[in-house]
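Inside the fold
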Amino acid sequence: LGGPDPLDYVSMYRNLGNPALNVPEHWHYVSFGLSDLYGDNRVHEFTGTDGPSGFGFELTFRLKRETGESAPPTWPAELMQGLARYVFQSENTFCSGDHVSWHSPLDNSESRIQHMLLTEDPQMQPVQTPFGVVTFLQIVGVCTEELHAAQQWNGQGILELLRTVPVAGGPWLITDMRRGETIFEIDPHLQERVDKGIETDGSNLSGVSAKCAWDDLSRPPEDDEDSRSICIGTQPRRLSGKDTEQIRETLRRGLEINSKPVLPPITAQRQNGLNHDRAPSRKDSLESESSAAIIPHELIRTRQLESVHLKFNQESGALIPLCLRGRLLHGRHFTYKSITGDTAITFVSTGVEGAFATEEHPYAAHGPWLQILLTEEFVERMLEDLEDLNSPEEFKLPKEYSWPEKKLKVSILPDAVFDNPLH
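Residues numbered from 1 in each chain as written. Predicted model: local features only at pLDDT ≥ 70, side-chain atom pairs only at ≥ 80, totals over all residues. Heavy atoms only, no water.

Of all five residues in strand 9 (residues 212-216), five are buried; the element is thus mostly enclosed. Judged by which residues are buried, strand 9 turns out to be covered on both faces: C212, W214 and D216 on one side and A213 and D215 on the other are all buried. As defined by bridge partners, strand 9 adjoins strand 13 (residues 308-313) across five bridges and the pair is classed as antiparallel. In the strand pairing of strand 13, D215 is matched with H309. (Buried < 20%, exposed > 50% of the residue type's maximum accessible area, 1.4 Å probe, protein only. Helix = DSSP H or I, 4+ residues; strand = E, 2+ residues; numbered from the N terminus. Pairing = 2+ DSSP bridges.)

Our next topic: the packing of aromatic side chains. Per the stated rule, a full pass over the model turns up 11 aromatic pairs. Residues F46 and F131 carry aromatic rings whose centres are separated by 6.0 Å and whose planes lie at 85° to one another, so their mutual orientation is edge-to-face. Here the residue F46 occupies a position in the loop between strand 2 (26-32) and strand 3 (52-64), and F131 occupies one in the loop between strand 6 (127-129) and strand 7 (132-142), the gap between them amounting to 85 residues. We classify F46 as partly exposed; its relative accessible area is 34%. (Phe/Tyr/Trp six-rings, centres within 6.5 Å; stacked < 30°, edge-to-face > 60°.)

What follows covers the sheet that holds strand 19 (residues 408-413). Taking strand neighbours across the sheet as the criterion, the four strands line up as 9-13-19-18 in an open arrangement whose pairing is mixed. Whereas interior strands pair on both sides, the edge strands pair on one side only; in this sheet they are strand 9 and strand 18 (399-403). With direction set aside, neighbouring strand axes in the sheet form an average angle of 15°. Inspection of the sheet shows strand 13 paired to strand 19 by six bridges, in the parallel sense. Among the inter-strand pairings, K311 is bridged to a residue of strand 19, identified as S411. (Axes fitted to C-alpha atoms, helices over the stretch in contact; angles between N-to-C directions.)

On to the pattern of salt bridges. Overall, the coordinates contain 17 salt bridges when judged by the stated rule. With a shortest N-O distance of 2.8 Å, D121 and R62 are connected by a salt bridge. Placement of the pair is D121 in the loop between strand 5 (115-120) and strand 6 and R62 in strand 3, with a sequence separation of 59 residues. Like D121, the residue R62 is buried in the burial classification. D216 serves as the salt-bridge partner of R303, at 3.5 Å between the closest nitrogen and oxygen. Within this pair, whereas R303 is found in strand 12 (residues 303-304), its partner D216 is found in strand 9, the two being separated by 87 residues in sequence. Assessed through its relative accessible area of 1%, D216 is described here as buried. (Salt bridge = Lys/Arg side-chain N within 4 Å of Asp/Glu carboxyl O.)

Let us now look at the nonpolar core. Soluble globular proteins tend to pack their nonpolar side chains together in the buried interior. Within the largest apolar cluster, 36 residues are counted, with the highest numbers of intra-cluster contacts made by L310, F312, L324, Y336, I345 and F347. In contact with F312, other than residues within four places in its own chain, are K211, C212, G317, I320, Y336, I345, F347, V410, S411, I412, L413 and F418. Counting residues in each nonpolar core, the second largest holds 29 residues, with L34, L63, A77 and I139 among its members. (Core = buried A, V, L, I, M, F, W, Y, C linked by side-chain atoms within 4.5 Å. Contact = heavy atoms within 4.5 Å.)

Their axes nearest at 10 Å, the elements helix 8 (residues 320-327) and helix 9 (residues 376-385) cross at an angle of 145°. Between helix 8 and helix 9 lies a crossing of left-handed hand. Residue-level contacts link P321, L324 and R325 of helix 8 to V379, M382 and L383 of helix 9. The class makeup of the residues in the contact of helix 8 with helix 9 is five nonpolar, no polar and one charged. (Left-handed = near helix turned anticlockwise from the far one by under 90°. Nonpolar A, V, L, I, M, F, W, Y, C, P; charged D, E, K, R; others polar.)

Before going further, it helps to examine the sheet that holds strand 16 (residues 363-366). Two pairing modes exist for strands in a sheet, parallel and antiparallel, and in both the strands are linked by backbone hydrogen bonds. An order of 8-14-15-17-16-12 is seen for the six strands of this open sheet, with the pairing classed as mixed. In this open sheet, the two strands that pair with only one neighbour each are strand 8 (207-210) and strand 12. Looking at chain direction, strand 16 and strand 17 (residues 369-373) are connected through four bridges and run antiparallel. Counted as the bridge partner of H366 is W369 from strand 17.

The subject of this paragraph is unusual backbone geometry. Residue L397 is joined to P398 through a cis peptide bond whose omega torsion reads -5°. With respect to the element layout, P398 can be found in the loop between helix 9 and strand 18. In this structure, E91 takes a positive phi of about 60° despite not being glycine. Of note, E91 is situated in the loop between helix 1 (75-90) and strand 4 (99-100). Residue N108 is not a glycine yet carries a positive backbone phi of 60°. Residue position: N108 is located in the loop between strand 4 and strand 5.

With that settled, consider the side chain of S338. Within the secondary structure, S338 is located in strand 14 (residues 333-338). The exposure class assigned to S338 is buried, which follows from its relative accessible area of 3%. With near-sequence residues (within four places) excluded, S338 lies in contact with A210, C212 and T343.

Here we come to helix 1. Helix length check: helix 1 (16 residues) gives 23 Å between terminal C-alpha atoms against 22 Å at 1.5 Å per residue, within 8%. When you tally the buried positions in helix 1, you get 12 out of 16 residues, the bulk of the element. Along helix 1, the residues classified as buried are W75, P76, A77, L79, M80, Q81, G82, L83, A84, R85, Y86 and V87. Among the residues trailing helix 1, E91 stands out with phi positive, at a value near 60°. (Expected span 1.5 Å × (residues − 1).)

Within strand 2, six of the seven residues are buried, which leaves the element mostly enclosed by the surrounding structure. Where strand 1 (residues 9-15) meets strand 2, seven bridges bridge the pair, whose relative direction is antiparallel. Following the sheet pairing, S11 is matched in strand 2 by V30. For strand 2 and strand 3, the ladder comprises five bridges, and the chain directions are antiparallel. Residue pairing across strands places W27 opposite L63, the latter belonging to strand 3.

Following this line, the structure appears as structure tokens:
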């Protein structure tokens, strides 16, 4: 199927599967255009044969063939176009284990398959081309519960579980849009494996794009020097190229040490007519545009704050226990990047090197980027106090949590608060 840029083509094949391996017949889709097809700098800069070709990968997708289906559906090609458009526009690439929060049935039906994981295609090995190396990343459709498990643990772990359940993907991870049960409903014992994995490994999710904001309660609001919070719609001064590189280098030496470079978002956006989240970024969550390219000039100096107020919508707030249990208790960090402004909130543990928040001054800010250092003892206490975040069906907004002796307040607020430009 030919299409407008960014993909030149999406090829569709009928794959007979492998009955001996319990692999059903299916449609196999392969993109062309994320890698360099020409080698003449027409689309991608040619950098030699030893490095990646273009973005270094192409997308594939395996869709179970329905009985009587004589031609492959075309919607997977449109799905792949949407992902490719994001890659070209953001220059962020995908890797195996990444997940994409789509928040809508992939085929615009009533299906429970509403999100995606990415993994190596089981048949198509990396190839050396005259214009560089190309790997093939397969899109795997998953249910919301499976996406959440991947966020709380890691994508590769959930992919391995999907391989063990024939109707949920099987060894070749074939997507069945008619699947009506999650792997945890099919085999309840799989939830125990996820829980054990989280306890042992922690979470690989190091950040999300979210509806969030923060206030510096250390200063009165009338203080003109106070850059404490975020007026949505403001355009902060951009750093010079030299300053930006200096910040990025600091991050590479420090905070990146303990991170996994994944920054998937959690709130659906409309992009080119497709309802989906931005896909995961291969930039480190603390080296992304939230903390480098668009931080205002105040980044040059660190401000130590006495008291802070954190604000999240319900969906973002529900991830706080994951941030604390799956990241900080394992010596890692977690970042919330505002989707409505230039704010970033990073929680760090005492084991993260390079942070500008310290045990002596646990709240510190570089412009709109706030870091909060939490000790293990305080994390354990917060997890107890925030236990009701795990039961969103019983949650009434607004909700406030406060630790006066720590001078920390957390509010869970309706989405409308963050959508209001006067916030």
